[in-house]
Amino acid sequence: MSPRPSLVIVGAGPRGTGLLERLAANLPELYGDRPLDLHLVDPHPPGPGRIWRTAQSPLLWMNSRAEDVTMFTDETVELTGPVRPGPTIAEWAGIDGRGFPTRLQQGAYLRWVFEQARAALPASVTVHEHRTTALRIGGPREGRQRVWLDGSDTPLTADAVVLTVGHLDAEPDPEQRALAGFAARHGLVHLPPDFTADTDLTALPAGESVLVRGFGLAFVDLMVLLTEGRGGRYEDAGDELVYRPSGREPVLHVGSRRGVPYHSKLGYALDGERPPLPRFFGPEQTDALLRAPGRVDFRRDVWPLIDKELGWAHYHRLFSTHPERTALEPDDFARAYAAAPPRSAELAALVAAAVPDPADRLDLDALDRPLDGIRFASAQALQAGLRGYVADDLARRHDPAHSADAAVFAGLLSVYGQLLRLGDRVDTGDWWHGFFSYLASGPPGPRLRQLLALSRAGVVRFLGPGLTVEADEERGVFRAASPAVPGEWTEARALVEARLPDPTLERTGSPLLRALHEAGARATTSGLLVVDPVDGRILERDGRPHPRRFALGPHTTARTDSAFTRPRTGGVAFRQNDIAAREALTLLRDRACRLPAPLPA
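Now for a quick tour of the structure. Quantities reported herein were computed from a predicted structural model and do not represent experimental measurements.

Each value, and the rule that gives it
- Residues numbered from 1 in each chain as written.
- Predicted model: local features only at pLDDT ≥ 70, side-chain atom pairs only at ≥ 80, totals over all residues.
- Heavy atoms only, no water.
- Helix = DSSP H or I, 4+ residues; strand = E, 2+ residues; numbered from the N terminus.
- Rg over C-alpha atoms; globule rule 2.2 N^0.38 Å.
- Buried < 20%, exposed > 50% of the residue type's maximum accessible area, 1.4 Å probe, protein only.
- Contact = heavy atoms within 4.5 Å.
- Areas by Shrake-Rupley, 256 points an atom, 1.4 Å probe, with all protein chains shown as cover.
- Lys, Arg positive; Asp, Glu negative; His and termini not counted.
- Charge placed at Lys NZ, Arg CZ, Asp CG, Glu CD.
- Salt bridge = Lys/Arg side-chain N within 4 Å of Asp/Glu carboxyl O.
- Expected span 1.5 Å × (residues − 1).
- Axes fitted to C-alpha atoms, helices over the stretch in contact; angles between N-to-C directions.
- Parallel < 35°, antiparallel > 145°, perpendicular 65-115°, else oblique.
- Left-handed = near helix turned anticlockwise from the far one by under 90°.
- Nonpolar A, V, L, I, M, F, W, Y, C, P; charged D, E, K, R; others polar.
- Core = buried A, V, L, I, M, F, W, Y, C linked by side-chain atoms within 4.5 Å.
- Pairing = 2+ DSSP bridges.
- Phe/Tyr/Trp six-rings, centres within 6.5 Å; stacked < 30°, edge-to-face > 60°.
- Lys NZ or Arg CZ within 6 Å of the ring centre and 35° of its normal.

In this section: the overall build of the chain. Within the chain one finds 16 helices and 19 strands. The C-alpha radius of gyration computed for the chain amounts to 25 Å, which stays within 12% of the reference 25 Å derived for 601 residues, consistent with globular compactness. The principal-axis extents of the C-alpha atoms in the chain amount to approximately 85 × 65 × 50 Å. Taking all 601 residues of the chain together, 55% fall into the buried category. If you take every contact in the chain between residues at least 6 apart in sequence, the share linking residues at least 24 apart comes to 75%. Working note: accessible area of the chain is about 24,700 Å², and carbon and sulfur atoms make up 52% of it. Of the side-chain charges in the chain, 70 are positive and 77 negative, and the distance between the mean point of each set is 4 Å.

According to the stated counting rule, one finds 46 salt bridges in the structure shown. Across the pair Asp-159 and Arg-591 runs a salt bridge whose closest N-O atoms are separated by 2.8 Å. Note that Asp-159 is positioned in the loop between β6 (156–158) and β7 (160–163) and Arg-591 in helix α16 (residues 572–594), a separation of 432 residues in sequence. Using a relative accessible area of 1% as the deciding quantity, one classes Asp-159 as buried. Since its relative accessible area comes to 12%, Arg-591 is described here as buried. Residues Asp-542 and Arg-544 are paired through a salt bridge, measuring 2.7 Å at the closest nitrogen-oxygen approach.

Okay, helix α13 (residues 429–440) next. With twelve residues, α13 ought to run about 16 Å at 1.5 Å a step, and its terminal C-alpha atoms sit 18 Å apart, in line with that. Among the twelve residues of α13, nine are classified as buried, and the element is accordingly described as predominantly covered. Considered for burial, the residues of α13 that qualify are Gly-429, Trp-432, Gly-434, Phe-435, Phe-436, Ser-437, Tyr-438, Leu-439 and Ala-440. Packing partners of the buried residues in α13 comprise α7 (298–321), α10 (364–368), α11 (379–397) and α12 (404–422).

What follows concerns the packing of α12 against α13. Orientation of α12 relative to α13, taken along the N-to-C sense of each, is 155°, at an axis distance of 10 Å. On the basis of their axis angle, the class for α12 and α13 is roughly antiparallel. The handedness of the crossing between α12 and α13 is left-handed. Where α12 abuts α13, its residues Phe-409, Leu-412, Leu-413, Val-415, Tyr-416 and Leu-419 lie against Trp-432, His-433, Phe-436, Leu-439 and Ala-440. For the contact of α12 with α13, the per-class residue count stands at ten nonpolar, one polar and no charged.

Among the nonpolar cores identified, the biggest contains 85 residues, and Phe-219, Val-302, Ile-306 and Trp-432 are the most heavily contacted of them. Take this core: its biggest share by element is ten residues, from α7.

Let us look at the sheet that holds strand β13 (residues 460–464). Within the open sheet, the five strands sit side by side as β8-β17-β9-β12-β13. Their pairing is parallel. In this open sheet, the two strands that pair with only one neighbour each are β8 (189–191) and β13. Within the sheet, the average angular offset between the axes of one strand and its neighbour, ignoring direction, is 20°. Sheet topology places strand β12 (residues 251–255) next to β13; four bridges connect them, and they run parallel.

It is worth spelling out the environment of Thr-504 at this point. Relative to the helices and strands, Thr-504 resides in the loop between β17 (494–497) and α15 (511–518). Spatially, the C-alpha atom of Thr-504 lies 35 Å from that of Pro-486, the residues being 18 residues apart in sequence. Beyond its immediate sequence surroundings of up to four residues, Thr-504 is in contact with Ser-526 and Gly-527.

As a further point, take the sheet that holds β6. Strand-to-strand pairing in sheets goes through backbone hydrogen bonds, with the strands running parallel or antiparallel. Across the sheet, which stays open at both edges, the three strands sit in the order β4-β5-β6 with antiparallel pairing between neighbours. The sheet is open, and its two edges are formed by β4 (134–138) and β6, each paired on a single side. Averaged over all pairs of adjacent strands, the angle between their axes in this sheet comes to 25°, without regard to strand direction. Two strands pair when backbone bridges link them, and strand β5 (residues 145–149) and β6 are joined in this way by three bridges, in the antiparallel orientation. By the bridge assignment for β6, Gln-145 is matched with Ala-158.

On inspection of all chains with the given rule, the structure shows 28 aromatic pairs. Where Phe-215 meets Phe-462, the ring centres are 6.1 Å apart and the plane angle is 35°; that geometry is what we call tilted. Here Phe-462 lies in strand β13 and Phe-215 lies in the loop between β9 (209–213) and α5 (217–226), a separation of 247 residues in the sequence. Judged on exposure class, the residue Phe-215 and its partner Phe-462 are both buried. An aromatic cluster is defined as three or more aromatic residues linked by ring pairs; in this entry it consists of Phe-298, Trp-303, Tyr-416, Trp-431, Trp-432, Phe-435 and Phe-436. One cation-aromatic arrangement involves Lys-308 over Tyr-337; the distance from NZ or CZ to the ring centre is 5.7 Å. Sitting over the face of the ring of Trp-489, Arg-479 holds its NZ or CZ atom 4.1 Å from the ring centroid.

Structure, rendered in structure tokens:
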């Protein structure tokens, strides 16, 4: 008798859990009560996976408010399958929705969601959990697939395979290999790009200087683990937070390309009239780009449309909510704005005439490089200047008078959804994802208050933008400098790369994805696995979608900002999960229908 139909999901973290939920929701309609083997492959706990596992420091937080985190669909998600509502983490855990849950709380929530999804499967589905790593996939395009697992000589057989492997490790690039070699020769410490919670920080001694390259969320985790994680504590002193060191902290000298931390999470909700989106970068524009011959250039063809779309979100909110800070009639401005070419002198002149205060204008270039051209007389002057910048950012991001910033956030989410439609026709590269994270996915406000306290205590020292890091063979130390303080170099015996590894297929730490790429899976120039933007099928180098292989998540061209989302915001990842689940179930049903009927008992 032929083997039962089988589906293998590689990666049982949040994205795999979301797919499992959609499989359970769609299975009664598309597959019925036919027998099915469902294999889940992940070395980490199903539900939380690696990033949200409960075996990590309780000091680490989520980067979202509890009320903004759900793993369940609602009527705003474009679904063919059924809506299955459920609680946010705030509702499930009974915690303050405006607070930021710990990662341990999120891990417990994800484990519960996984268990609910598994329990929703009918008895005809047999679930097999494999706590190991998938190594490679083989098999013909039109036949059953074979998935080899670490520690087993016998592969799993599958009618379809879905990769939901999440964020990945990476082999070091040439620069990182050179820095590691330099550190080894001179007895220094070099910590390459990695997930901070997984990094062994014991090599960073108390009281010594540490150069840190990277000022995003990986730095925030590093900051927490090397301060509170080593026994330091914070005290409220009126309007300021004061840090009381334990004496076991190193001194963190931090810089980056921008030289500033990611913008604080917004401290208020966007109420009232919302900007009508999409407007200047929507289906009409993406359809035109898809019809255009040749490849689409992000900077030339797409970025101007994004700039105009985000500007529309910003100014629509300003005119509708804060009209006293504008100088034209809203309808007149809207008509002129629509007629002006993106990023043109005409558009700039219109904005200058309509919005008197420059602080109320949206300048994405200035936002991206806030310290460009600024020079400080000394390193100490830089510390004061950066503290002022962070304090101003905190104040603005918690002041509803600047609610146009929240409208830009809504615009960024809209833009992300449109970029998914373009698939691999455009390679956004690392810059766009970094810019999105910098504006829309920054740390909670309390973390930046802590950063200010650490700066005042001398535990964190700012290096500035345009950071240069050198390996000084003669002196046997790492050196760092920024053009913001000409001639000022900082030396240290330790260097930490505070960022995630780049998700390239050539250097991925995943043997599975590396083998896929070598066997003919298509990749972008920045190393993302190319998938069909609609159903997630993996594209081969000849452009054909593989009929039995799917991929969802940050290692693909259809990556979204997260595997979970805010309630009632459309949930792009949920829609992708639903489509992929239905495609896989249809394929499995077709195979099940070809199997011989079981013999009577």
